[in-house]
Amino acid sequence: MATSIARLSNTTAPWGDELPLVGRRSERDALRLALDDALDGRGHTIMLVGEAGVGKSRLLATLEQEAHARGMLVASGRAFSVESGVPYGAIADALTTPLRAFDASTLTVLARGADADLHGILPAVFADRAASRHVGAADNDGRARQFWNVAQFLARLAERNGALLLLDNAQWSDPSSLELLHFVARQLAKARVLIVLAYTDLGLDTNPSLRRMVQSLTEAREATSRNIEPLTRLDLAELLQRSFSLGKDEASPHADALYERTRGNCFFVEHALKALLAASRIRHDGSQWIVEDVTSWTLPATAREAVRTRIEALSRDARRVADAVSVLERPATLTLLERLAGLESGPLADAIDELCHKRLLTERRDRDDASYEFTHPILHEIVRGELSAARERALHAEVAATLESMHGDDSLAHASEIARHLVRGRTLGGDQRALRYLLTAGRDALRLRADEEASRWLNDALAIAEQLQDAPAKAETLELLGVARRRLGDSAGSVAACLSALEYAESAGDGVSRARLLLEIGQEVGRAGDASRGLEYLEQAELAASAEQRDDLVVHVLVMRAKTLQSMGRSDDATRTMFEALAIAERRSNPAELARVHQTLLQLYAWTGPASKAREHGTLALELAQTSGDREVAWAAHWAMAMLEGFTGAADRVVPHVQEATRIATELSSPVLHAMIAEMRIEHASVTGNWDEGIALAERTIPIARAVAPQSLLPRLLVWTGLMVLARDETERAHDLFDEAWKLSGADNVHPDRLGDSDRIHNVNNVILAHTGLGTYWLTRGAWARALEYGERGLALADRFGFVSWAIHRLIPLVLEAGLWLQEFDRVEALTVRLREQSLALNHRLGLAWATAADALVARLKYHAPDAASRLLAAADDLDAVPFVFHAARLRRNAAQLMEADGDIAGAVRELRRAHDVFAKLGAEMELRGARSQLRSLGVRLPPKNSVQGAGALTGRELEIARAVARRLSNKEIGAAFDISSRTVSTHLSHIFVKLGVDSRGALADFVRADPLLRDDAAQH
């Protein structure tokens, strides 16, 4: 192939900092569209995956430029091939620099009181305001709260101009950063945030945290994955034309040769061309670019060979600096390099200039220092790979010593960074110095809830402690490791670590540590489902704490014993245990301790009765919590009191407790507590008939529960929501909700032949409610035997675990109704007697009303009593007073059937009309159809499906949706505007069409524009 000569380029090099971007048009277009969607409030996550060097980083750089052009805030970070030990290091790398551009007052406003949680992620931006606590202390929603507050902070940060969060080389990211990104990515549906991750798929060697994140987000359609393919021959031809001003025909054969060697890998292409430039096979003669024959034999065999040639050409000082940067886990600051490289300022500057000029390193500056990193991770790998094992170990040891010297007395605050270099700077026999840093790093990671990193540090510390035969250090490490493994879901590993620590405590005669470890083991064994064995450890813990005269520990153990006993169905034993705790707490006169004891007694009595005792302890818990300033206990007490009042039918007393619980949850910045309050409001709305409000709140809360409490809270939310949509005749949707709740609760593991087996039940409340949901579903479908089966299994569970309130509130009424349909009157009568007795003990108005209704129906169906209708109406009045309006209306409809049979047609019509109005207001389509059918059979002119016509027929939400339709918004746009799903919009529209007598969106829009009570200014145009 003849030499090709091109025209003179105006530059002394064929490209600037990097090769011209060629190809990738579809990828760039997709990323631009994602930016536009984010700015429109449709946040999303995109993952770019491809082989190393394929050009992912260059796509990110192009996207960053696009975002800057749109005025968006850009946070760009990178993980490094040297495994990082700094929790949340990748996130901090991305966010710290852009956030430092904000003044402190702005950040305070955006944080909204969550500074302490944000400090754990971004210590260089937010001050440390976190209260110190032992890492083993209970903090059940701490991680969820922290992640939630970060997600909310990012959403608020992006409200004005939008935000782009980039993470390159995510395959090397620290686990805590990936877990946080996973959480944040699931909260972006309405945020002006775009997250883009680029990673190399390493197959089975891919970071497990990244693999889980990708699978979870893509399966849930909360992220899009795009494969980045190598450049094609045409792309390479375009590159040569643009770089060297070649004609199309001239460029094509060179491109073919380049493609055969590099297979279109961008990194290899760039370094192959640089090798040709260095060998003068491509050269600039002052007036022209001269491109000699580019054939396979003129090109480097591999990318590593191309890079290695460039590295070997470095000066000695530049190579020393490059070697030092290669062993660091993050960008190397100039301050660190000045100490580490052992060079005077002039030679160091020359070395850095040489590395930057040759595009091996890139410089970043912030207000405090400059930092340097390799321009590409493959360069980083190759430079480090050229080091001998001895040289690499020596460099790590030198870095550790330099960091210690730099930080001085504050060096333990940088324990994770120093520990990593100490471990790699010597064999893992280590010394006390390395052990001290590793233990501190593990403890710090636990405090930050970076549990995978903590486990790694503590395992290294344990190996050194064993090598040094340091029993106290080993005992402490094992106890911390037990906490880390428990948080990671490794229950068996947690118990094993604590049992090993227990041996050291016993051999050292450390009774306090022994009691604390026995308590931790008992709790974890119980949480894992073995309540009996857990109770044995708790009893040992009580003896050990008593022997040490540690009454504070005794009280803690007794509270856990009581909760375990209740989980085993031993409610009386649980109550006696709590009174033992109460006596000790009263003797100690510690308000905080007393508050927790009374709050636990409140919860025990709320389930088992009597209600008066529950209220008594609740009042004391609230008073003591206020005295001690313990807001978590105050929240729990208000929540339990609201639950109690709801169970006993005192709906008017629910609201004040919910309001106070909401206020405290806001102060604590806790998404879990807010979601638990929402659950109560949803359940309250379901029984009082505010179904529009309840369903709308459920649709806002369920995504939060999926993120922060998928195993504990979510199943209950699904059941409450399912009960409302089932009553609205959305049977398929209801079944989906009940089925998901069933699976999440683990109800599949509960079988009739071992009902109540606590070894297999982790959350009894959820399993009971899952049975309630499916039992109600089959009852509504007319499958009485299946409904009875689910109801009786749920009731057996409630009985086994002492949850009387569940039995009264949901399960016995379910079994009674199924039994009446099946005409099993003896069973119904016996169960009704029990229902009345237990309801009287709890002063449970709802249960008493159900008992009255069951008695009335048995009296009529079995004994043909003439007063059954009046007794049913009395029960309906009682249910209305609770209020339990939907079921009260159902009883009125049943009473109307009896009245019709007795010849009281006027009475039957009256009660049917009352029931009809309730069903119409609620949107209870199935019952509404039944009521209208009965009225029609009586020859009565049917009332409108709503008792009010025109604008007055619509609820507030329906009015908003009608106006939105008049503004020509789609269901998806309406859902986004009102924070509800498109499916719910469709349901609302069905109700609106019926109420207004229209049959299309166009007719609805005309109706709205014509009615002055319906239209608004925007809908008139």
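Quantities reported herein were computed from a predicted structural model and do not represent experimental measurements.

Reading the values: the criteria
- Residues numbered from 1 in each chain as written.
- Predicted model: local features only at pLDDT ≥ 70, side-chain atom pairs only at ≥ 80, totals over all residues.
- Heavy atoms only, no water.
- Helix = DSSP H or I, 4+ residues; strand = E, 2+ residues; numbered from the N terminus.
- Buried < 20%, exposed > 50% of the residue type's maximum accessible area, 1.4 Å probe, protein only.
- Pairing = 2+ DSSP bridges.
- Axes fitted to C-alpha atoms, helices over the stretch in contact; angles between N-to-C directions.
- Contact = heavy atoms within 4.5 Å.
- Phe/Tyr/Trp six-rings, centres within 6.5 Å; stacked < 30°, edge-to-face > 60°.

Colleague: Report on unusual backbone geometry, specifying residues and quantitative values.
Modeller: Among all residues save glycine, negative phi is the norm, and among peptide bonds the norm is trans. Unusually for a residue other than glycine, Arg 359 sits at a positive phi of about 60°. For Arg 359, the position within the fold is in the loop between helix 15 (345-357) and strand 10 (361-365). Residue Arg 359 is classed as partly exposed on the basis of its relative accessible area, which comes to 23%. Notably, Gln 549 is not glycine yet its phi reads approximately 55°, a positive angle. Note on placement: Gln 549 falls in the loop between helix 24 (531-547) and helix 25 (551-567).

Colleague: If you had to explain the pairing of strand 3 (residues 73-78) to someone new, which residues and values would you point to?
Modeller: Buried residues dominate strand 3, accounting for five of its six residues. Pairing between strand 3 and strand 4 (residues 163-168): six bridges, direction parallel. Bridging across to strand 4, Gly 77 finds its partner in Leu 167.

Colleague: Which residues make up the sheet that holds strand 6 (residues 224-227), and what values do they have?
Modeller: Taken together, five strands build an open sheet; the order of strands is 3-4-5-2-6 and the sheet is parallel. In this open sheet, the two strands that pair with only one neighbour each are strand 3 and strand 6. Each adjacent strand pair in this sheet contributes to an overall mean axis angle of 15°, direction not counted. As paired strands, strand 2 (residues 44-49) and strand 6 are joined by four bridges and run parallel to one another. By the bridge assignment for strand 6, Ile 46 is matched with Thr 224. Helix 2 (residues 56-69) rests against strand 2, strand 3, strand 4 and strand 5 (193-199) of the sheet, and its axis sits at about 165° to strand 4.

Colleague: Which residues make up the packing of aromatic side chains, and what are the values?
Modeller: Under the defined criterion, the tally for this structure stands at 11 aromatic pairs. Seen in terms of ring centroids, Tyr 88 and Phe 147 are 6.4 Å apart; in terms of plane orientation they differ by 85°. Their pairing is edge-to-face. Here the residue Tyr 88 occupies a position in the loop between strand 3 and helix 3 (89-99), and Phe 147 occupies one in helix 6 (residues 142-157), the gap between them amounting to 59 residues. Accessibility classification places Tyr 88 together with Phe 147 in one group, the buried group. With a centroid separation of 6.3 Å and an interplanar angle of 85°, the aromatic rings of Trp 850 and Phe 884 are classed as edge-to-face. A residue pair is termed long-range when its members are at least 10 positions apart, and Trp 850 in helix 39 (residues 845-861) and Phe 884 in the loop between helix 40 (868-881) and helix 41 (885-901) qualify at 34 residues. Taken together, the ring pairs connect Tyr 88, Phe 147 and Phe 183 into an aromatic cluster.

Colleague: With reference to specific residues and values, describe the pairing of strand 2.
Modeller: Judged by how many residues are buried, strand 2 sits mostly within the fold: five of six residues are covered. As paired strands, strand 2 and strand 5 are joined by six bridges and run parallel to one another. Counted as the bridge partner of Leu 48 is Ala 198 from strand 5.

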